[in-house]
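The residues making up each chain are set out below.
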Amino acid sequence: MPNAFPNDRPAMSETEFTAFDHQMMARALQLAERGRLTTKPNPMVGCVLVRDGHIVGEGWHQRAGGPHAEILALQAAGDAARGTTAYVTLEPCAHTGRTGPCANALIDAGVARVVAAMPDPFPQVSGAGFEKLRAAGVEVGVGLMQTQARTLNRAFFSRVERGRPWLRVKLGVSLDGRTALANGESKWITSAESREDVHRWRARCGALLTGAGTVLADDPHLTVRLQDDTDFIAPIRVVLDPGLATVARGNVRQGDVSTLYFHAPDAKPPRDIALLRHAVPVTRGMLDLGEVLAELARREINEVQVETGATLAGAFLHAGLVDELLIYVAPVLLGNDARPMFDGLGITAIAEALKLKLVDARQVGPDTRLLLQPEGA
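Residues numbered from 1 in each chain as written. Predicted model: local features only at pLDDT ≥ 70, side-chain atom pairs only at ≥ 80, totals over all residues. Heavy atoms only, no water.

Caption draft 1: Up close: the nonpolar core. Core analysis: the biggest nonpolar cluster contains 43 residues, and M25, L49, L74 and V114 have the highest contact counts within it. Top contributing element to this core by residue count: helix α1 (residues 19-32), with six residues. Discounting chain neighbours no more than four positions away, the residues touching V114 are A86, V88, P92, L106, L133, V138, E139, V140 and G141. Judged by nonpolar contacts, the second largest core, of 33 residues, contains L171, A207, I327 and F342. (Core = buried A, V, L, I, M, F, W, Y, C linked by side-chain atoms within 4.5 Å. Buried < 20%, exposed > 50% of the residue type's maximum accessible area, 1.4 Å probe, protein only. Helix = DSSP H or I, 4+ residues; strand = E, 2+ residues; numbered from the N terminus. Contact = heavy atoms within 4.5 Å.)

Caption draft 2: Broad picture of the sheet that holds strand β5 (residues 139-142). Reading across from one edge, β2-β1-β3-β4-β5 is the order of the five strands in this open sheet, with mixed pairing throughout. Both edges of this open sheet fall to β2 (54-60) and β5, since each of them pairs with a single strand only. Neighbour-to-neighbour, the strand axes of this sheet turn through a mean angle of 15°, independent of strand direction. Taken strand by strand, α1 contacts β1 (46-51), β2, β3 (85-88) and β4 (113-116), and its axis lies near 145° from that of β1. Across the sheet, helix α2 (residues 69-77) lies against β1, β2 and β3, angled at about 140° from β2, the strand it touches most. (Pairing = 2+ DSSP bridges. Axes fitted to C-alpha atoms, helices over the stretch in contact; angles between N-to-C directions.)

Caption draft 3: Representation of the environment of H278 within the structure. Along the chain, the position of H278 falls in strand β11 (residues 276-279). Spatially, the C-alpha atoms of H278 and F156 are 23 Å apart, while their sequence positions differ by 122 residues. Residues in contact with H278, not counting those within four places in the same chain, are L260, Y261, F262, H263, E295 and R299.

This is the structure we're talking about:
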């Protein structure tokens, strides 16, 4: 087949794709999402192989280190893969990592056309997959449902493109915006249904993060505890503890899940306690939160959920490092003396108010779950 798309051709606009193309890419995205809890740190990817208007093979990346979506779809199609169109939610890889290059596999199988939602920003892929396909005479179209594909893998893209994970702050609050009584009591403001829902959000993450104050006050486990047999990769636990004051205690050190402590450069770790730790600079009396996230990205953490008190939550928000807020609002009132959601925002005028956009709102048991993003995020 002649190469209809020279290497320097820009991505096709969505108007150049047919309604059937859209339908097949929507199916590929649907397949990709099945790997939400198990592909990290890899992106979620789905692939659909179509011949003469019929699906002959499907696949999705199921677990890091396992076959990629394209390989599973080709295996499902067998000899029927020759002459097909492959709809894939991300550019096929062209390098050998823990698995072989998918671009080569598509070429070897005789796939005639590849429609990809978007390029892969990962440096070892970025454009190389498309270039290899075109050089082999495979027709390539790029850009179909790119917005949906980017949203699906926004945490992966955050790590690769921004050098920091996607960061979500989770809060359980009263109707008057309070997270605990003045004495620190907070169990339980929200319902059992909300707490179960939180565990499903935890399962998406690469890390669950809290501060030393929360460890001392609430003794959290920071683990994923689901009521069914859903498969997931457990997130690591991260504690920001400048002086390493909490390392000898707490549920956060129990079980098989790793716990990583971030601390000040001059902190002295206990000699008799095995500890996974990393020192970061201290800025204005607080650990450098940007460096914390950069180190988590270097450890291939795509998504972080922060579950902590008002001081640390406020510090992340004030630093502009929060990508979204997950807030469970219970139909209770705690009064003026109770603790707020955020401290230290430094807002002194209405013009300085932090504006949020509502992404989703729904009922969870008796509570209302709000998903919000800072404007511009």
